[in-house]
Structure formats: structure tokens, C-alpha cells
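What follows is the residue order along each chain.
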Amino acid sequence: MSGLAAGSGIVAIVLLAMLALPATAAQPSFDCDGAKAEVEKMICGDDALADLDLRLARDFARALARASADQVPELRASQRTWRGQMLKCAQTGDPRGCVLDAYTKRIDQF
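Residues numbered from 1 in each chain as written. Predicted model: local features only at pLDDT ≥ 70, side-chain atom pairs only at ≥ 80, totals over all residues. Heavy atoms only, no water.

1. Re the packing of helix α4 (residues 72–87) against helix α5 (residues 95–109)
Reasoning step 1: At a minimum axis separation of 10 Å, α4 and α5 run at an interaxial angle of 160°. In terms of orientation, α4 lies roughly antiparallel with respect to α5. Crossing handedness for the pair α4 and α5: right-handed. Along its contact with α4, which presents Leu75, Ser78, Gln79, Trp82 and Met86, the element α5 presents Val99, Ala102, Tyr103 and Arg106.
Reasoning step 2: Residues that form the contact of α4 with α5 fall into these classes: six nonpolar, two polar and one charged. (Axes fitted to C-alpha atoms, helices over the stretch in contact; angles between N-to-C directions. Helix = DSSP H or I, 4+ residues; strand = E, 2+ residues; numbered from the N terminus. Parallel < 35°, antiparallel > 145°, perpendicular 65-115°, else oblique. Left-handed = near helix turned anticlockwise from the far one by under 90°. Contact = heavy atoms within 4.5 Å. Nonpolar A, V, L, I, M, F, W, Y, C, P; charged D, E, K, R; others polar.)

Written as C-alpha cells, this is what we have:
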């Protein structure tokens, strides 16, 4: 077997082995094992939504760090209000689209 043919065989084996490995799913900012709401379960099963959740959590943490002590309670209250509204996306005709829109708009606020 020539060196080129042997090298191609090794590459093929490595590629096949990589395809057999499970893809690493994106993890949102919360524990998916404790997800109860339908929207939370949807976020856990959707890499794009999980990535948005993680991004929002990071942006929110940065906003809290920059906020003055008297602004923190208002920021936390606005996040709770936003979350409550976002969880209502489960009741819409397009829950995923609603959640995607909610995250995108909230991230833009930070």
C-alpha cells in the first residue's frame, strides 16, 4: 500500500469515528434537568435558543455589574417580568419564533 493510500484510509477512519460521536449540545444558563415549563424544555432542546439564553445571561450579569446599587432591584424586576412574558410564548401559534424574538429583543436592550 502506498503512503498516500494508507494516509487516506486513516483519514477516513478518523472521520467515521468523529461522526459516531454525539454532538455536544449547547447548554443554556439554567439546569435543564430542572426544566418544568414547556418553553424551558424547548430551549434545552434547541441549540440556537440555548445559545441565546446563555448570551442573555452573560449580558444581564454585565448589566448588573455596571449598575449602581439603586438600579439593581429594578434590573432584576425587569428581568423577572421579561421571563414571565417569554414563558407565555408556549401559548402562541409559533412558540419557537416567539422565544427567539423575545431573546433577540431583550439582548438588544443590554
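2. Description of the state of the cysteines
Reasoning step 1: A complete count under the given rule lists two disulfides for this structure.
Reasoning step 2: With its sulfur 2.1 Å from that of its partner, Cys32 forms a disulfide with Cys44. Measuring the twist about the S-S bond at about -100°, one finds the Cys32-Cys44 disulfide to be left-handed. With Cys32 in the loop between α1 (3–20) and α2 (38–44) and Cys44 in helix α2, the pair connects residues that are 12 residues apart, well separated along the chain.
Reasoning step 3: Each disulfide pairs two cysteine sulfurs, and for Cys89 the partner residue is Cys98, the sulfurs being separated by 2.1 Å. Disulfide Cys89-Cys98: torsion about the S-S bond near -65°, hence left-handed.
Reasoning step 4: Assessed through its relative accessible area of 1%, Cys89 is described here as buried.
Reasoning step 5: Bonded cysteines in the protein are paired 1-2, 3-4 when counted in the order they occur along the chain. (Disulfide = S-S within 2.5 Å. Buried < 20%, exposed > 50% of the residue type's maximum accessible area, 1.4 Å probe, protein only.)

3. Describing the pattern of salt bridges
Reasoning step 1: Using the criterion set out here, one finds six salt bridges in the structure.
Reasoning step 2: In this structure, Glu38 and Lys41 form a salt bridge, with 3.9 Å as the shortest nitrogen-oxygen distance. You can see Glu38 and its partner Lys41 sitting in helix α2, three residues apart, about one turn around the helix.
Reasoning step 3: Overall, Glu38 belongs to the exposed group, its relative accessible area being 54%.
Reasoning step 4: Looking at Lys41, the relative accessible area reads 43%, which means it is partly exposed. (Salt bridge = Lys/Arg side-chain N within 4 Å of Asp/Glu carboxyl O.)

4. Considerations on the packing of aromatic side chains
Reasoning step 1: Taken as a whole and judged by the stated rule, the model has two aromatic pairs.
Reasoning step 2: Between Phe60 and Phe110, the aromatic rings sit 5.9 Å apart at their centres with planes inclined by 70°, giving edge-to-face as the arrangement. Of this pair, Phe60 sits in helix α3 (residues 47–66) while Phe110 is found in the segment after α5, placing the two residues 50 residues apart along the sequence.
Reasoning step 3: Under the relative-accessibility criterion, Phe60 is labelled buried at 12%.
Reasoning step 4: Between Trp82 and Tyr103, the aromatic rings sit 5.0 Å apart at their centres with planes inclined by 75°, giving edge-to-face as the arrangement. A residue pair is termed long-range when its members are at least 10 positions apart, and Trp82 in helix α4 and Tyr103 in helix α5 qualify at 21 residues.
Reasoning step 5: By relative accessible area, which is 1% here, Tyr103 ends up buried. (Phe/Tyr/Trp six-rings, centres within 6.5 Å; stacked < 30°, edge-to-face > 60°.)

All we've got here are geometric facts, nothing functional implied.
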